[in-house]
Amino acid sequence: MPQEIIDFINSQSLSVLAVEMLDGSPHAATVHVAFHEFPPTFFFETYRPYRKCEALFGREKSRASLVIGFNEQDRKTLQIDGEVQLISTDDERLLYNKIYFGKFPGKKEKSSDPKFVFFSMTPTWWRYTDWQAPGGKKIISSEDK
């Protein structure tokens, strides 16, 4: 991803994540998001009783879509499709701790709750739009050559 998009992601805290449930229906929720650049990975947390956990615990990976940026003043947005999965290895957990709790240090304390669930999203496609770019609307996509 170009630096412009990485800077935009890192300037944002909230996102809307839609996860494919086991029956194929979508479930969307507003969630905090943190980003790791290499490889591109988005990190989230939730609690075990919440609906998205059905997909997270029901299969190894679930399809998901993410939207970052829904501020009428900035007029920038990033749409991402990919797969969500539980954080399952020690290395993933170390990276999660560094990236997610680095951005949201106040959440570290509540992560000891046994219902706390750590998960990530690996993007397979993305599109960034800046409606107020100099020269007019600007779109950058993972499909650009």
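Everything discussed here concerns the structure shown above.
A.B. asks: Even after reading the chapter, I still don't get unusual backbone geometry, so can you show me in this structure?
C.D. replies: Generally, phi is negative for residues other than glycine and the peptide bonds are trans, each holding for most cases. Cis geometry is found at the peptide bond from Phe38 to Pro39, where omega equals -10°. With respect to the element layout, Pro39 can be found in the loop between β3 (34–36) and β4 (41–47). With phi around 55°, Arg75 is a residue other than glycine that occupies positive phi space. On the secondary structure map, Arg75 appears in the loop between β5 (62–68) and β6 (76–86). For Arg75, a relative accessible area of 31% corresponds to the partly exposed category.

A.B. asks: Looking at this structure, I do not really get the pattern of salt bridges. What am I missing?
C.D. replies: Here the idea is simple: oppositely charged side chains can pair when their charged atoms come close. Applying the stated rule across the entire model yields six salt bridges. The partner of Glu20 in a salt bridge is Arg63, and the shortest N-O contact between them spans 2.9 Å. A residue pair is termed long-range when its members are at least 10 positions apart, and Glu20 in strand β1 (residues 14–20) and Arg63 in strand β5 qualify at 43 residues. In this structure Glu20 comes out as buried when scored by relative accessible area, which is 18%. Salt-bridge contacts for Glu45 lead to Lys107; the nearest nitrogen and oxygen are separated by 2.4 Å. With Glu45 in strand β4 and Lys107 in the loop between α3 (90–103) and β7 (116–130), the pair connects residues that are 62 residues apart, well separated along the chain. A relative accessible area of 9% places Glu45 in the buried class. Judged by its relative accessible area of 12%, Lys107 falls in the buried class. Through salt bridges that share partners, Glu45, Lys107 and Lys110 make up one connected network.

A.B. asks: Explain the environment of Leu78 here, please?
C.D. replies: Note on placement: Leu78 falls in strand β6. Classification of Leu78 as buried rests on a relative accessible area of 0%. Leu78 sits 48 residues away from Trp126 along the chain, and the two C-alpha atoms are 7.0 Å apart. If near-sequence neighbours (up to four positions away) are discounted, Leu78 is found in contact with Ile5, Phe8, Ile9, Leu66, Val67, Ile68, Trp126, Arg127 and Tyr128.

A.B. asks: Help me understand the nonpolar core in this model?
C.D. replies: Generally speaking, a soluble globular protein has its nonpolar side chains buried in company with each other. In this structure, Leu17, Phe42, Phe44, Ile68, Leu78 and Met121 are the most contacted members of the largest nonpolar core, which totals 27 residues. Listing elements by their share of this core, those giving two or more residues are α1 (3–11), β1, β2 (26–32), β4, α2 (52–58), β5, β6 and β7. Among the elements that make up this core, the one with the highest residue count is β7 (five residues). If we skip the residues at most four places from it in the chain, Phe42 touches Met1, Ile9, Val33, Ala34, Phe35, Leu66, Ile68, Ile80, Phe119, Ser120, Met121 and Pro123. Judged by nonpolar contacts, the second largest core, of eleven residues, contains Ala34, Phe43, Tyr100 and Phe116.

What counts and how
- Residues numbered from 1 in each chain as written.
- Predicted model: local features only at pLDDT ≥ 70, side-chain atom pairs only at ≥ 80, totals over all residues.
- Heavy atoms only, no water.
- Helix = DSSP H or I, 4+ residues; strand = E, 2+ residues; numbered from the N terminus.
- Buried < 20%, exposed > 50% of the residue type's maximum accessible area, 1.4 Å probe, protein only.
- Salt bridge = Lys/Arg side-chain N within 4 Å of Asp/Glu carboxyl O.
- Contact = heavy atoms within 4.5 Å.
- Core = buried A, V, L, I, M, F, W, Y, C linked by side-chain atoms within 4.5 Å.

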